[in-house]
Amino acid sequence: MYNMTTMMIIYPVVIQVCLALGANPIGPVIVVQSAAFSAILTPMATGTIPYLMGLGGYDQKSLLKQGFLPTILCFVVTVVWNSIMFPLF
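Each chain carries its own residue numbering, running from 1 in the direction its sequence is written. Per-residue local features are limited, in this predicted model, to residues with pLDDT of at least 70; the limit for side-chain atom pairs, both in listing and counting, is 80 or more; totals at the level of whole chains, interfaces and linings are taken over all residues. Heavy atoms from the whole structure form the basis of all side-chain values; hydrogens and water molecules are not counted.

**What to know about the confidence of the model for the protein chain**
The pLDDT value tells you how sure the predictor is about a given residue, anywhere from 0 up to 100. Per-residue pLDDT for the protein chain has a mean of 83; in total, 90% of the residues score no lower than 70. For the protein chain, helix α3 (residues 48-56) is the element with the lowest average pLDDT, namely 79, and helix α1 (residues 3-21) is the one with the highest, namely 91. Each helix corresponds to a stretch of at least 4 residues labelled H or I by DSSP, and each strand to a stretch of at least 2 residues labelled E; elements are numbered beginning at the N terminus.

**Side note on the environment of I15**
Examined against the element boundaries, I15 turns out to sit in helix α1. Here the term buried applies to any residue with accessible area under 20% of the maximum for its type, exposed to any over 50%, and partly exposed to those in between, with areas from a 1.4 Å probe on protein chains only. Under the relative-accessibility criterion, I15 is labelled partly exposed at 33%.

**A few points about the nonpolar core**
Within the largest apolar cluster, eight residues are counted, these being M7, Y11, V14, C18, A23, V29, V32 and A36. Looking at this core, the elements with two or more residues in it are α1 and α2 (26-38). In terms of residues, this core owes the most to one element, α1, which gives four residues. In this analysis, two residues are considered to be in contact whenever any of their non-hydrogen atoms come within 4.5 Å of each other. What Y11 contacts, discounting residues up to four positions off in sequence, is V29, V32 and Q33. Among buried residues, those of type Ala, Val, Leu, Ile, Met, Phe, Trp, Tyr and Cys that are joined through side-chain atoms within 4.5 Å constitute a nonpolar core.

**Topic: the side chain of S62**
Within the secondary structure, S62 sits in helix α4 (residues 60-85). The definition of a polar contact used here is a pair of N or O atoms within 3.5 Å, where within protein one atom must be able to donate a hydrogen and the other to accept one, and adjacent residues in sequence count solely through side-chain atom pairs. Engagement of the side chain of S62 in a polar contact is seen with the backbone oxygen of D59, the distance being 2.8 Å.

**Observations concerning the packing of α1 against α2**
The axes used here are C-alpha line fits, helices contributing only the stretch in contact, and every angle between their N-to-C directions lies in the interval 0 to 180 degrees. Following both chains from N to C, one finds α1 and α2 inclined at 160°, their axes separated by 9 Å at the closest point. In this view, α1 runs roughly antiparallel relative to α2, as classed from their interaxial angle. The chirality of how α1 crosses α2 is right-handed. Counting all contacts with α1, which are made through N3, M4, M7, I10, Y11, V14, I15 and C18, the residues of α2 involved are P28, V29, V32, Q33, A36 and F37. Any residue outside Ala, Val, Leu, Ile, Met, Phe, Trp, Tyr, Cys, Pro, Asp, Glu, Lys and Arg is labelled polar, Gly included; the first ten of those are nonpolar and the last four are charged. Among the residues making up the contact of α1 with α2, the classes are represented as twelve nonpolar, two polar and no charged. Roughly parallel means an angle under 35 degrees; roughly antiparallel means over 145; roughly perpendicular covers 65 to 115; every other angle is labelled oblique. When the near helix sits turned anticlockwise from the far one by under a right angle, the crossing is termed left-handed; a clockwise turn instead gives a right-handed crossing.

**Structural notes on a nonpolar patch on the surface**
Patch criteria: residues need more than 30% relative accessible area and no salt bridge. Like-charged residues are merged within 9 Å; nonpolar side chains of Val, Leu, Ile, Met, Phe, Trp and Tyr are merged within 5 Å. The protein chains shown are the only cover counted for residues, whose accessible areas, like all others here, come from Shrake-Rupley with a 1.4 Å probe. Here, a salt bridge means any side-chain nitrogen of Lys or Arg that lies within 4 Å of a carboxyl oxygen of Asp or Glu. Side chains of F68, I72, L73, F75, V76, V77, V79, V80, W81, I84 and M85 sit close together on the surface and give an oily, nonpolar patch of about 1100 Å² of accessible area. Mapped onto the elements of the fold, M85 is located in helix α4. By relative accessible area, M85 is classed as partly exposed at 48%.

Written out as structure tokens, the structure reads:
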């Protein structure tokens, strides 16, 4: 499934779980969105990435090397920012 479709399917689940727990759903919704958009670093995220890998001579190892730092940075910033700005309870 494409990232946007998966994100739209997961949103109601996250919101319902947060409402059942009495938690603020804004932070988890933002985490779902950043997770869906950071999946572009994998070759199975969209149909165009394997084409670009073939044309550019990239392989899975080079994608992992190029995407490691942005992924860690995005993860840390998202988790820290959401923990401070949108606490669950």
